[in-house]
Amino acid sequence: MMTGFWKLTWVEIKVFMREPMGVIGTLGIPVLIYVMLGRVFRDRPRVDTPQTVTLNLPILAALFIAVGAALSLVAIITIYREGGILKRLRATPLSPLTILGAHVFVKLLFTVVGLILLVFAGRQFFPGAIDVNLWSFTLALLLGTLSILSVGFVISSIVPTARFAQPIGSVLLYPMIPLSGLFFPIESLPTGWRIVANMLPTTHAVGLMQGIWDGAGWGAHWGNVLGLVVVFVVCSAVSTKAFRWE
Amino acid sequence: MIDPVIRVSRLRKRYGSTVAVADVSLVVHQGEIFGLIGPNGAGKTTTMECVEGLRKWDEGDVSVLGLDPRKDARALQERIGVQHQEAHLQKRIKVWEAIDLWSALYPGVVDTEALLDQLGLTEKRNAWFMTLSGGQKQRLFVALALIHDPEVVFLDELTTGLDPQARRAIWQLINGIRDRGKTVFLTTHLMEEAERLCDRVAIIEHGRLIETGTPKELVQRHCPQRGVVFSSEGEGVQDKLERILGIDNVTCDEKTYTLQGTGDDFVTNVIHAIATEEIHVTGFRTELPNLEDVFLKLTGHRIRD
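Residues numbered from 1 in each chain as written. Chains lettered and ligands numbered in written order. Predicted model: local features only at pLDDT ≥ 70, side-chain atom pairs only at ≥ 80, totals over all residues.

1. Brief notes about the overall build of chain B
Scanning chain B from N- to C-terminus turns up eleven helices and 13 strands. Overall size of chain B, expressed as C-alpha extent along the three principal axes, is 75 × 45 × 40 Å. The buried share among the 305 residues of chain B stands at 40%. Counted over contacts in chain B with a minimum sequence separation of 6, partners at least 24 positions apart contribute 72%. (Helix = DSSP H or I, 4+ residues; strand = E, 2+ residues; numbered from the N terminus. Buried ≥ 20, exposed ≤ 12 C-beta atoms within 10 Å, placed from the backbone. Contact = placed C-beta atoms within 7 Å.)

Have a look at this one:
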């Protein structure tokens with residue numbers, strides 16, 4: 001059934017590209033955040049925040065790409081469910097995994113495109129700012145995104161209608177960004193919040209990306225990798241039970 | 001006797017505390033158009049979706065083309081074609097892209113250009129789904145249901161919301177499918193559609209089948225009465241008719257006579273009586289019962305109430 005997978009993936013890519021707001025939201029916003037904040041903080045990619053954490057703007061932008069991908073996934077899945085598109089696709093020989101897998105694949109693909117745009121923007125506006133093993137960083141971002149997407153699947157299982165998908169998704173996903181350790185260290189949080197932060201995929205994604213950015217190997221961040229994998233496994237298991245096709 | 005294409009026995013399905021299907025048993029034979037008719041919420045769609053393998057049921061047995069839809073859903077999907085009620089596709093998918101995608105999902109596919117042409121969609125092949133009219137969307141869904149030349153076609157409320165012209169075009173198409181030996185299982189709450197299109201119908205109400213048969217059989221069984229209404233300026237018409245026809249249910253209202261009777265010969269007898277008595281008739285029509293009347297008789301309400 002691989003033919004079906006690639007055909008569906010290709011169709012979803014084209015359909016996504018035809019919706020200007022979606023493209024701007026997932027690809028434009030992270031670049032905009034990066035460039036604008038970069039300007040504000042005097043062309044330095046790293047900014048000292050009052051909490052003495054060094055804010056890494058490219059990682060913030062990358063996190064926005066990942067979270068944006070999950071939000072977009074939630075919107076698409078709920079709209080497709082409400083419109084009976086998921087049900088119609090399920091009434092074909094396509095397996096349920098293929099149908100949802102194609103959407104995940106498309107999101108990961110656009111995550112890479114987003115990152116490429118980010119790198120180009122970086123080279124354009126802040127020469128010399130991005131000096132990192134891009135392959136390794138891309139892989140870290142993809143793993144982080146996959147894990148955050150699995151949270152997206154849980155969210156799309158619980159939101160009642162497509163109308164609520166965007167607000168509920170935003171309320172659940174965006175607060176993960178300030179808790180990710182980008183703005184202030186996780187250690188400085190009260191115990192309760194620290195535990196919450198450590199359960200969030202965003203925290204581990206930031207930890208891993210930050211580590212790769214600073215030149216550390218994957219081995220040094222196996223805890224973050226494990227965290228991302230655990231979130232992915234747990235969320236996938238929950239989705240398998242809770243996912244609604246209609 | 002060939003095995004039926006679809007066999008449903010004692011089907012039961014609940015959603016929480018709501019019983020959607022209480023007790024449905026039916027068989028559909030190869031090469032017939034079978035219609036499940038009933039009001040919205042009667043259990044038509046749930047029954048159909050259990051048969052299509054899209055829904056698990058609580059009790060009973062279902063077999064389609066010798067397969068169990070619960071266990072062999074994927075194998076079944078290759079051999080059946082479905083159209084869902086009020087379905088959509090991706091807003092910005094083009095007609096040809098949808099056709100192309102569906103073509104990739106099945107082992108064997110018909111000549112899709114000819115199919116689009118037959119459904120009058122050739123001009124729309126580059127149009128986005130969201131720009132299609134209701135009728136065009138429905139025709140596209142019919143195309144997707146037929147693309148792999150399935151043995152059984154399931155159509156759920158196919159012509160709801162279409163104008164009469166589009167409806168007739170689709171009826172013709174469905175007749176064509178049946179004429180090629182395929183089996184069609186459809187649901188509708190339009191009695192005219194059921195009467196014109198279906199070889200056999202089953203009436204469903206509150207999740208139970210209450211009657212099954214050909215439309216003609218059902219009318220004869222439950223509504224055998226025939227009516228003749230005619231106008232005449234003549235004198236003593238009512239007495240003459242009552243004497244000759246031996247019936248007493250002749251009513252007269254402002255020179256318009258209404259006669260009620262039963263049997264296939266009733267209308268002929270009335271015409272004969274009119275001719276024999278040389279009654280001068282200025283208007284004449286028959287009132288024959290239809291499925292709508294059968295439904296009213298069986299359920300006590302109209303289907304759209």
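Next comes the rest of the description.
2. Examining helix 9 (residues 201-213) of chain A
All names here are of chain A. Taking 1.5 Å as the rise per residue, helix 9 with 13 residues should run 18 Å; its terminal C-alpha atoms sit 18 Å apart, in good agreement. Among the 13 residues of helix 9, twelve are classified as buried, and the element is accordingly described as predominantly covered. Looking at helix 9, one finds that the buried residues are Pro-201, Thr-202, Thr-203, His-204, Ala-205, Val-206, Gly-207, Leu-208, Met-209, Gly-211, Ile-212 and Trp-213. Note on helix 9: the residue one or two positions beyond its end, Gly-215, has a positive phi of about 90 degrees. (Expected span 1.5 Å × (residues − 1).)

3. Notes on the confidence of the model for chain B
The share of residues in chain B with pLDDT of 70 or more is 98%, and the mean pLDDT across the chain is 90. Here the predicted complex scores 0.87 on pTM and 0.87 on ipTM. (pLDDT = per-residue confidence, 0-100.)

4. A closer look at the environment of A:Ala197
Residues and elements named next belong to chain A. Note on placement: Ala-197 falls in helix 8 (residues 191-199). Separated by eleven residues in sequence, Ala-197 and Ile-186 have C-alpha atoms that sit 7.2 Å apart. Once residues lying within four places of it in the same chain are set aside, the contact partners of Ala-197 are Leu-179, Gly-181, Ile-186, Leu-189 and Thr-203.

5. Things to note about the sheet that holds strand 11 (residues 250-253) of chain B
Within a sheet, each strand pairs with its neighbour through backbone hydrogen bonds, oriented either parallel or antiparallel. All names here are of chain B. Sheet architecture is open: four strands sit in the order 11-12-10-13, paired in antiparallel fashion. Among the strands making up the open sheet, the edge pair consists of strand 11 and strand 13 (281-287). Here the average twist between neighbouring strands, direction ignored, is 20 degrees. Relative to strand 12 (residues 256-262), strand 11 runs antiparallel, the two sharing four bridges. Within strand 12, the residue paired with Cys-252 across the bridge is Tyr-257. Across the face of the sheet, helix 10 (residues 266-276) comes into contact with strand 10 (225-232), strand 12 and strand 13 while running at roughly 25 degrees to strand 10. (Pairing = 2+ DSSP bridges. Axes fitted to C-alpha atoms, helices over the stretch in contact; angles between N-to-C directions.)

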